[in-house]
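The lines below spell out each chain.
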Amino acid sequence: MSIIRRKFTKEQKLEIVNQSMAEDISIESLAEQYKIHSNSIYKWRRQYLKYEDASFPGNGNKMVSSLPSSLPFAVPSATPLALSSRSLFTSAMRCRI
């Protein structure tokens, strides 16, 4: 039997976080009310306190950053490790000579 994973919208998470920050209600009772684990509420609270408006971006675990979408990268050159009469070993591969 498989369990269907529920997804909460940003608005739903913000509502639950706001309710959890009220002094008159406990995290455990909120978790029971929304049928989620209390650790999820604590995690959402940490995210909200750290990122505020940028928290809960949706579509996975993407976080707002100043990095471009694609970064250029360099392939490290293969350096010789050992040389025999028949094979050349490099850090990336073994080539027959």
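Below you will find a few notes about this structure.

About the criteria used
- Residues numbered from 1 in each chain as written.
- Predicted model: local features only at pLDDT ≥ 70, side-chain atom pairs only at ≥ 80, totals over all residues.
- Heavy atoms only, no water.
- Helix = DSSP H or I, 4+ residues; strand = E, 2+ residues; numbered from the N terminus.
- Buried < 20%, exposed > 50% of the residue type's maximum accessible area, 1.4 Å probe, protein only.
- Contact = heavy atoms within 4.5 Å.
- Areas by Shrake-Rupley, 256 points an atom, 1.4 Å probe, with all protein chains shown as cover.
- Patch = residues over 30% accessible without salt bridge, like charges linked within 9 Å, V, L, I, M, F, W, Y side chains within 5 Å.
- Salt bridge = Lys/Arg side-chain N within 4 Å of Asp/Glu carboxyl O.
- Lys, Arg positive; Asp, Glu negative; His and termini not counted.
- Charge placed at Lys NZ, Arg CZ, Asp CG, Glu CD.
- Arc of directions from axis to C-beta.

### Re the overall build of the chain
For the chain, the helix and strand inventory stands at three helices and three strands. Along the chain, helices (α) and strands (β) appear in the sequence α-α-α-β-β-β when read from the amino end. Burial statistics for the chain: of 97 residues in total, 16% are counted as buried. Contacts in the chain between residues far apart in sequence, at least 24 positions, make up 31% of those at least 6 positions apart. Total accessible area computed for the chain in this model is approximately 8,500 Å², and 55% of it derives from carbon and sulfur atoms.

### Re a positive patch on the surface
A grouping of Arg-5, Lys-7, Lys-43 and Arg-46 is seen on the molecular surface, where their side chains present a positively charged patch. Tracing the sequence through the fold places Arg-5 in the segment before α1 (10–21).

### As for the environment of Ile-16
Note on placement: Ile-16 falls in helix α1. Filtering out sequence-adjacent residues up to four positions away, Ile-16 remains in contact with Phe-8, Leu-30, Tyr-34, Ile-36, Ile-41 and Trp-44.

### Looking at the environment of Glu-11
Mapped onto the secondary structure, Glu-11 falls in helix α1. You can call Glu-11 exposed: its relative accessible area is 57%. Distance in space between the C-alpha atoms of Glu-11 and Phe-56 is 9.1 Å, their sequence separation being 45 residues.

### Side note on the side chain of Lys-13
Looking at the secondary structure, you find Lys-13 in helix α1. Despite being buried, Lys-13 has no salt bridge partner; Glu-11 is the closest side chain of opposite charge, sitting 10 Å away. Excluding residues that lie within four positions of it along the chain, Lys-13 makes contacts with Phe-8, Trp-44 and Phe-56.

### Notes on helix α2 (residues 27–34)
Residues Ile-27, Leu-30 and Ala-31 constitute the buried set of α2. Relative to the axis of α2, the buried residues are bounded by an arc of 100° and lie together on one face. Structurally, α2 contributes buried residues whose contacts are with α1 and α3 (38–51). Immediately beyond the C-terminal end of α2, within one or two residues, lies Lys-35, with a positive phi of roughly 55°.

Keep in mind these numbers describe shape, not what the thing actually does.
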